[in-house]
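Below are the chains, spelled out letter by letter.
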Amino acid sequence: MDKLRAGLLTGREARLLLLLAGASFLRNQLWLTPSPLMTVIMDDMRIGYQQGGQLLFIVTVLMGISLFVGSRVIDRLGASRAMAIAIGCLALDGLFAFFCRSYPLVLVGRAFSGIGYGLGSGAQGVLVTERFPPARRGLINTINAAVNALSIAAAYAVTVPLYRFFHSWRGTLLFWSLVSAAWMGIFILFDAAHAPFAAGAPSRAPASLAQAARLPKVWCMAAAMGGLTILYTGYSSYLPSFLAEARGFSLQAAGTATGMISVAGLAGCLLCGPLFTRLRAVHIPLLALELLVLAGAAGTALFPSHAGIYGGILLLGFCFNGWGTVSVTALMNMDGMTPRLMGGAVAIYSGLGGIAAVCVPGMFSFFQARFGIRSALALFCLFVLPALAGTGLYALLCRRRGA
């Protein structure tokens, strides 16, 4: 009976989990809404593919930057208040899109969405480390990762129906911004208003980012996450074009096939989290999942049959998202990690890959012009190498210190 009670969430924990799930859902709706509506947005604003792509990539880049800057915000205000600010930044995206007609101002709104995404991701990592015991962090991270994958799939599913309902891409973004503003109020009412400020004297205490940067294992996990993030970003961005141009898929079929990455990712979160997050030698499943990501990505690019392509897509989505669930739990439970350090650790772990993603469009264009679209996509498989190297070094450090 005591073990059963220990495994159950308290009312406060369940409430926080629901609040975090809502914030994660809204982050992905605002980030991905322009993707299915890109041709409509380009026609309305009279912009080209490069400027249209910037509406998506600026969120990824600002997410990476704000993870680093946001770690100090979390130090000063506490994770709960930082999360409320992050949700408020999301609300600004649709307001800029709806009331501003110039492309630069719409881009500013998208930048706020990226800031909210990064700050919210960092605050979420701190809140999970701070509010949940180690025995339950694997479960909580599994649920959060599953919600993230499900919300990405939902974004592709609901965006076009919402656009048809509002008859406006601007109205669609405004809708999600208004929901974000309401969710910020709910978050403040049920969590942030009751949360204490960060403990200690924040102005004198060393920044969590600087302290986390002294932990070699954090950099190992960051190298692995960075490599896989670049690979995943390249595939999720350019797979529809590859399937349409090189494999004869219709535009609708190409989009549906790409969306299967998130569906498979949901299964990966739900299965890999419970199976692997409590293992002591966590590097073994991490290395195995990285190799399977490589197999899925290579199969998607190189197999000519539709069965091979779909199999590669499912394997890629399943293993990438499963890897993320296991790795973030390993980050929280590593030696020397504290709730306060988690803000800086998440900034290094996720931020490097987010910032590096700015290079993805240029790399793909360079590869595509010289080798063709199939080889360009396949070359992104090389970014599994830093992932394997980072995880391998992490395993060596664990053995040396007996972790």
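Below is a summary of the structure that appears in this document. What you are looking at is a predicted structure, and each value in this text was computed from that prediction instead of being measured.

Here we come to the overall build of the protein chain. Along the backbone of the protein chain there are 17 helices and zero strands. Computed over its C-alpha atoms, the radius of gyration of the protein chain comes to 20 Å, within 12% of the 22 Å expected for a compact globule of 403 residues. Its C-alpha atoms give the protein chain principal-axis dimensions of roughly 55 × 50 × 45 Å. Evaluated residue by residue, the protein chain yields a buried proportion of 53% over its 403 residues. Of the contacts formed within the protein chain by residues at least 6 apart in sequence, a portion of 84% connects residues at least 24 apart. Carbon and sulfur atoms make up 69% of the accessible area of the protein chain, which amounts to about 17000 Å² in all. Here the protein chain carries 28 positive and 11 negative side-chain charges, and the mean point of each set is 5 Å from the other.

Our focus in this paragraph is the environment of Gly109. The residue Gly109 is located in helix H6 (residues 103-131) in this model. Given the relative accessible area of 0%, Gly109 is considered buried. Apart from residues no more than four positions distant in its own chain, Gly109 is found in contact with Leu92, Asp93 and Phe96.

Let's shift gears to the environment of Gln29. Here Gln29 lies in helix H2 (residues 11-32). The sequence separation of Gln29 and Ile152 amounts to 123 residues, and the corresponding C-alpha distance is 7.2 Å. Those residues within four positions of Gln29 in sequence are excluded, and the remaining contacts are Ser151, Ala154, Ala155, Val158 and Trp176. A polar atom in the side chain of Gln29 sits 2.8 Å from the backbone oxygen of Ser151.

With their axes 8 Å apart at the nearest point, helix H7 (residues 134-166) and helix H8 (residues 169-190) run at an angle of 110° to one another. Viewed along their axes, H7 and H8 adopt a mutual orientation that is roughly perpendicular. You can see that H7 and H8 cross each other, and the crossing is right-handed. For the pair H7 and H8, the contacting residues are Val158, Thr159, Leu162, Tyr163 and Phe166 in the first and Trp169, Gly171, Thr172, Phe175 and Trp176 in the second.

Time to look at the packing of aromatic side chains. Counting across every chain of the model gives 14 aromatic pairs. Note on Phe166 and Phe175: the rings are 5.6 Å apart at their centroids and 40° apart in plane angle, and the pair reads as tilted. A relative accessible area of 30% means that Phe166 is categorised as partly exposed. Residue Phe175 is classed as partly exposed on the basis of its relative accessible area, which comes to 30%. Ring plane angle 55° and centroid distance 6.0 Å describe the contact between Phe249 and Tyr310, whose orientation is recorded as tilted. A residue pair is termed long-range when its members are at least 10 positions apart, and Phe249 in the loop between helix H10 (216-246) and helix H11 (251-276) and Tyr310 in helix H13 (residues 306-333) qualify at 61 residues. Under the relative-accessibility criterion, Phe249 is labelled buried at 7%. Overall, the relative accessible area of 27% leaves Tyr310 in the partly exposed class. Feature note: the residues Tyr238, Phe364, Phe366, Phe367, Phe380 and Phe383 constitute an aromatic cluster, connected by ring pairs. Across the ring face of Tyr117, the terminal group of Arg27 is positioned such that the distance to the ring centre comes to 5.4 Å.

Conventions and cut-offs
- Residues numbered from 1 in each chain as written.
- Predicted model: local features only at pLDDT ≥ 70, side-chain atom pairs only at ≥ 80, totals over all residues.
- Heavy atoms only, no water.
- Helix = DSSP H or I, 4+ residues; strand = E, 2+ residues; numbered from the N terminus.
- Rg over C-alpha atoms; globule rule 2.2 N^0.38 Å.
- Buried < 20%, exposed > 50% of the residue type's maximum accessible area, 1.4 Å probe, protein only.
- Contact = heavy atoms within 4.5 Å.
- Areas by Shrake-Rupley, 256 points an atom, 1.4 Å probe, with all protein chains shown as cover.
- Lys, Arg positive; Asp, Glu negative; His and termini not counted.
- Charge placed at Lys NZ, Arg CZ, Asp CG, Glu CD.
- Polar contact = N/O pair within 3.5 Å; in protein donor to acceptor, adjacent residues only side chain to side chain.
- Axes fitted to C-alpha atoms, helices over the stretch in contact; angles between N-to-C directions.
- Parallel < 35°, antiparallel > 145°, perpendicular 65-115°, else oblique.
- Left-handed = near helix turned anticlockwise from the far one by under 90°.
- Phe/Tyr/Trp six-rings, centres within 6.5 Å; stacked < 30°, edge-to-face > 60°.
- Lys NZ or Arg CZ within 6 Å of the ring centre and 35° of its normal.

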